[in-house]
Amino acid sequence: MPSDSALSPSSPPALPATARPRLGPHLRLRFDRSRGKHVLLGPESVIVLNGTGADIVGLCDGSRTVAEIVDDLRTRYQRPVDDEVRDFLDRMAARRHVTVEEAM
């Protein structure tokens, strides 16, 4: 799972399973051919993601809940991913790389 040290704040808040994460409006997910990896492009910043991180971010469209993202990735990777995905999303939210809305 993602282990990007640039995304590790001190103690992020836990996102509820009903939260609907969306990529921050200042960021764009793109594939960088020169690196051969997905990156998040922001104002004066580039965050290089591994494959799993890119998969998680790609599902952060505001329509899926955290629980739905976890279920989707569990199917793709055919193993439990709950804590790893939630930890990654918590770090992304703490750094405002994703915004979060509660499900109605």
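The structure under discussion appears in the preceding block.
Everything quoted here is computed from the prediction, not taken from an experiment. Each chain carries its own residue numbering, running from 1 in the direction its sequence is written. Selection of residues for local features in this predicted model requires a pLDDT of at least 70, selection of side-chain atom pairs for listing and counting requires 80 or more, and totals for whole chains, interfaces and linings are taken over all residues. Values reported for side chains reflect all heavy atoms of the structure, with hydrogen atoms and water molecules removed beforehand.

Asks: Now, about helix α1 (residues 51-58): what can you tell me, with residues and values included?
Replies: Throughout this description, buried means an accessible area under 20% of the type-specific maximum (1.4 Å probe, protein chains only), exposed means over 50%, and partly exposed covers the range between. Counting from the N terminus, the helices are DSSP H or I runs at least four residues long and the strands are E runs at least two residues long. Residues of α1 that are buried: T52, G53, A54, I56 and V57. It only takes one pair of heavy atoms within 4.5 Å for two residues to be counted as in contact. Buried residues belonging to α1 abut β1 (19-23), β2 (28-32), β3 (37-42), α2 (66-77) and α3 (82-94). Its side-chain oxygen at 3.2 Å from the backbone nitrogen of T52, N50 defines the N-terminal cap of α1. Here a polar contact is recorded for every N or O atom pair within 3.5 Å, except that within protein the pair must consist of a potential hydrogen donor and a potential acceptor, and residues adjacent in sequence are included only if both atoms are side-chain atoms.

Asks: Describe the side chain of D32, listing the residues and the values that go with them.
Replies: Assignment of secondary structure puts D32 in strand β2. With relative accessibility at 16%, the residue D32 sits in the buried group. Side chain to side chain, D32 and R35 meet in a polar contact 2.5 Å long. In this structure, D32 is in contact with K37 and V39, ignoring residues within four places of it in sequence.

Asks: I'd like a description of a nonpolar patch on the surface, backed by residues and values.
Replies: What makes a patch is a set of residues exposed beyond 30% relative accessible area and free of salt bridges, joined within 9 Å when like-charged and within 5 Å when nonpolar (Val, Leu, Ile, Met, Phe, Trp, Tyr). In short, Shrake-Rupley with a 1.4 Å probe defines the accessible areas, and a residue's cover is counted only from the protein chains shown. Think of a salt bridge as a Lys or Arg side-chain nitrogen and an Asp or Glu carboxyl oxygen that are within 4 Å of each other. A surface patch of nonpolar side chains, about 200 Å² in accessible area, is lined by L41, V46 and V48. By relative accessible area, which is 35% here, L41 ends up partly exposed.

Asks: Quick rundown of the pairing of strand β4 (residues 45-48)? Include the residues and the values.
Replies: Only strands joined by at least two bridges in the DSSP assignment are considered to pair. Bridge count for β3 against β4 is four bridges, and the pairing is antiparallel. Paired with L41 across the strands is V46, a residue of β4. The loop that links β3 with its antiparallel partner β4 comprises two residues; one of these, E44, has a positive phi angle of about 60°.

Asks: Please set out the environment of V48 residue by residue, giving values where relevant.
Replies: Following the sequence through the fold, V48 ends up in strand β4. Between the alpha carbons of V48 and H38 there is a distance of 6.3 Å; along the sequence they are 10 residues apart.

Asks: Could you give an account of unusual backbone geometry, with specific residues and numbers?
Replies: Notably, E44 is not glycine yet its phi reads approximately 60°, a positive angle. Its place among the elements puts E44 in the loop between β3 and β4. Residue classification places E44 among the exposed residues on the basis of a relative accessible area of 86%. Positive phi, close to 65°, is recorded for R96, a residue that is not glycine. Within the element layout of this structure, R96 appears in the loop between α3 and β5 (98-102).

Asks: Break down the pattern of salt bridges for me, citing the residues and quoting the values.
Replies: Considering all chains together, one arrives at seven salt bridges under this definition. Between D32 and R35 there is a salt bridge, with the nearest N and O atoms lying 2.5 Å from each other. The partner of R74 in a salt bridge is D82, and the shortest N-O contact between them spans 2.6 Å. Taking relative accessible area as the criterion, R74 reaches 30% and is therefore assigned partly exposed. Taking the relative accessible area as the measure of exposure, D82 reaches 25% and is therefore partly exposed. Through salt bridges with shared partners, one network takes in D55, D72 and R76.

The values are spatial; any link to function lies outside them.
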